[in-house]
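Summary of structural features
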Amino acid sequence: MNDNKQYIQFLKSSFDKYYQTRTEAWEEYVHHCSVVSFNKEEVVKEQNTIERYFYYIIEGSVGLFLWKENNFVCLDFAFEGQFCSDYMSILTNEPTPLQLRALENCKMLRMSKESYHKITHTPLGSVIRTVAAEASFMDKQLQQIDLLTKTAKQRYEVLLSQFPNIQNRISQSHIASYLGITPQSLSRIRREK
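Under an unreviewed UniProt entry, the protein has the name Crp/Fnr family transcriptional regulator and belongs to Arthrospiribacter ruber.

The following block contains the structure:
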């Protein structure tokens, strides 16, 4: 099976639960993409710049970071079968203080922002945009609720249930940052389990 067919099947299987469409629609989507690779800790999108691409992760993981008090804080993770980008910058076409960074060696489908905006006017593109926006909104709302209503240990347990192998893939400092705690606190929580 050539790579494009593999990517088409991967996208289709990821989205069939939201929207079942013919394979040809995904062929059109992949036609607008290029395959790119990033090394672990490589910056995909610099802070204070305008996002130029929309990504779909084939292998690896990515983190979304914000510089705060002399350190980057991890706001979100994305893994295989998920889209990632500085979506706020895609929508506003303005720079944001967000940085996108590979947390593992990554292979991704990359689509230009212009192609993304064109494809969102197709039935499939409209669904992709809606699913991506709604999933992002729900994840952020749940994250905010958890931050205000759950202990750090409970938030860590939720993270492990969402991403069962995360502790073997992502550095402890990034996980701690995402949870809003210090790496030392995360070590203590992990020892208690």
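It is worth spelling out the pairing of strand β5 (residues 71–79) at this point. With eight bridges joining them, strand β4 (residues 61–68) and β5 adopt antiparallel strand pairing. Paired with Leu66 across the bridge in β5 is Val73. Counted along the chain from β4 to the antiparallel partner β5, the turn is two residues long, and its residue Glu69 has a positive phi close to 50°.

A few words now on the nonpolar core. Membership of the largest hydrophobic core comes to 24 residues, with the highest contact counts inside it found for Leu11, Trp26, Tyr29, Phe54, Phe83, Leu109 and Ile128. Among the secondary structure elements, those contributing two or more residues to this core are α1 (3–15), α2 (23–31), β3 (53–59), α3 (87–92), β8 (106–112), α4 (113–119) and α5 (123–149). Ranked by residue count, the leading element in this core is α5, at five residues. Aside from chain neighbours lying at most four places away, what touches Phe54 is Tyr29, Phe83, Cys84, Ser85, Tyr87, Ile90, Leu109, Arg110, Met111, Tyr116, Ile128 and Ala132. By size, the runner-up hydrophobic cluster in this structure holds 18 residues, among which are Phe65, Phe79, Leu103 and Phe163.

Attention shifts here to the packing of aromatic side chains. The geometry of two aromatic rings is summed up by the distance between their centres and the angle between their planes. Summed over the entire model, instances satisfying the criterion amount to 15 aromatic pairs. Here the aromatic rings of Phe10 and Tyr56 are separated by 5.8 Å at their centres, their planes lie at 70°, and the arrangement is edge-to-face. Of the two residues, Phe10 sits in helix α1 while Tyr56 sits in strand β3, which places them 46 residues apart along the sequence. For Tyr56, a relative accessible area of 1% corresponds to the buried category. Members of the aromatic cluster, each reached through a chain of ring pairs, are Phe10, Trp26, Tyr29, Phe54, Tyr56, Phe83, Tyr87 and Tyr116. Directly above the ring of Phe72 sits Arg101, whose terminal nitrogen or CZ lies 5.1 Å from the centroid. In this structure, Arg110 is placed above the aromatic ring of Tyr53, and the distance from its NZ or CZ to the ring centre is 4.1 Å.

Reading the values: the criteria
- Residues numbered from 1 in each chain as written.
- Predicted model: local features only at pLDDT ≥ 70, side-chain atom pairs only at ≥ 80, totals over all residues.
- Heavy atoms only, no water.
- Pairing = 2+ DSSP bridges.
- Helix = DSSP H or I, 4+ residues; strand = E, 2+ residues; numbered from the N terminus.
- Core = buried A, V, L, I, M, F, W, Y, C linked by side-chain atoms within 4.5 Å.
- Buried < 20%, exposed > 50% of the residue type's maximum accessible area, 1.4 Å probe, protein only.
- Contact = heavy atoms within 4.5 Å.
- Phe/Tyr/Trp six-rings, centres within 6.5 Å; stacked < 30°, edge-to-face > 60°.
- Lys NZ or Arg CZ within 6 Å of the ring centre and 35° of its normal.

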